[in-house]
Amino acid sequence: MNLLIMGLPGAGKGTQAAKLVENYGLAHISTGDMFRAAIANETELGLLAKSYMDGGNLVPDEVTNGIVKERLAQDDIKEKGFLLDGYPRTLEQAHALDQNLADLGINLDGVINIEIDPSKLLERLSGRIIHKQTGETFHKVFNPPAGDYNEDDYYQREDDKPESVARRLEVNIAQGQPILDHYRAKNLVQDIEGDQDIELVFEDLKKAIESLKS
Ligand code: ADP
Ligand code: AMP
């Protein structure tokens, strides 16, 4: 099965993607994670991506399309299927993806759209913490790590600081709608209510995926 997961920053894409990947054995392709790995490894791509990400802006389409194209061509994709998370984020990326998948002979089965009112996102993003060792995402209040945890084992994303968040939301709201319209016209979109407990969102997601299979 080949899926996209969409939603504004903080909607819960990464949280649900981790659960979906575990449940369905899909390859998780998160462009945000790929850029953060490149930054951590201090590669040329990382340097370039950082200059956009820190300000809450999108990395240019040709760069982002290039890394996704390379990843989709790897052998595991046809075996496992994929879950693309955080891509496409512009209509141009959506068109590039369509072309890419057609060239590879791969069908897109569905687009999961996690809906949430933007007013909820600031507290989601400002409380997001990531485990340094595993990369797992938590929230200080809504999804804290178990037990008495050591804050030093977690970090806050640079772009979750208030200076970047407003710009990220602005960019993503403006760019997101045409992409959803593009996939709605192909009858691929499953809307999921994102303003409920993590486990309840996941239950709805599984139902949506089962309906795609049948
Ligand atoms: P995205 O990948 O869409 O940017 P994340 O999955 O990283 O979003 O979630 C953003 C923050 O909100 C994280 O701290 C996460 O733990 C928390 N979160 C995710 N889903 C929910 C939910 N349904 N209710 C409350 N908090 C959530
Ligand atoms: P995310 O982890 O999905 O929230 O992405 C973090 C940041 O990485 C975004 O704010 C962008 O700067 C960059 N990024 C991730 N995915 C894309 C994409 N598809 N197109 C352009 N920039 C992206």
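Everything numeric here is computed off the predicted structure, so don't read it as measured data.

Definitions and limits used
- Per chain, residues are indexed from 1 in the order of the written sequence.
- Following the order in which they are written, the chains are lettered starting with A and the ligands numbered starting with 1.
- In keeping with the predicted nature of the model, local features appear solely for residues at pLDDT of at least 70, side-chain atom pairs appear and are counted solely at 80 or more, and the whole-chain, interface and lining totals rest on all residues.
- Side-chain figures throughout are based on the complete set of non-hydrogen atoms in the structure, without hydrogens or water.
- The working definition used for a salt bridge is a side-chain nitrogen of Lys or Arg within 4 Å of a carboxyl oxygen of Asp or Glu.
- Throughout, exposure labels follow a simple rule: accessible area from a 1.4 Å probe, protein chains only, divided by the maximum for the residue type, with under 20% read as buried, over 50% as exposed, and the rest as partly exposed.
- Labels follow the DSSP assignment, with helices taken as runs of H or I lasting at least four residues and strands as runs of E lasting at least two, numbered in each case from the N terminus.
- Note on definitions: angles span 0 to 180 degrees between N-to-C directions of axes, and those axes are lines fitted to C-alpha atoms, for helices only across the stretch in contact.
- By the definition adopted for this analysis, an angle is roughly parallel if under 35 degrees, roughly antiparallel if over 145, roughly perpendicular if from 65 to 115, and oblique otherwise.
- Note: crossing handedness is left-handed where the near helix turns anticlockwise from the far helix by less than a right angle, and right-handed where it turns clockwise.
- The contact rule is simple, with two residues in contact once any of their heavy atoms fall within 4.5 Å.

**Here we look at the pattern of salt bridges**
Evaluation of the coordinates by the stated rule reveals 16 salt bridges. The residue Asp 76 makes a salt bridge to Arg 71 at a minimum N-O spacing of 2.8 Å. Assessed through its relative accessible area of 17%, Asp 76 is described here as buried. For Asp 195, the salt bridge goes to Lys 120, with nearest N and O atoms at 3.3 Å. Highlighted residues: Asp 195 in the loop between strand E8 (189–193) and helix H9 (198–213) and Lys 120 in the loop between strand E4 (110–115) and helix H7 (121–126), separated in sequence by 75 residues. Owing to a relative accessible area of 39%, Asp 195 belongs among the partly exposed residues under this scheme. Counted as one network, the salt bridges with shared partners bring together Arg 128, Arg 157, Asp 159, Asp 160 and Arg 168.

**Some details on the packing of helix H2 (residues 31–40) against helix H3 (residues 44–53)**
The contact between H2 and H3 brings their axes to 7 Å, and the two run at 120 degrees. The orientation of H2 relative to H3 falls into the category oblique. Here the hand of the crossing between H2 and H3 comes out left-handed. Residues Gly 32, Phe 35, Arg 36, Ala 38 and Ile 39 of H2 form the contact with H3, whose participating residues are Leu 45, Gly 46, Ala 49, Lys 50 and Met 53.

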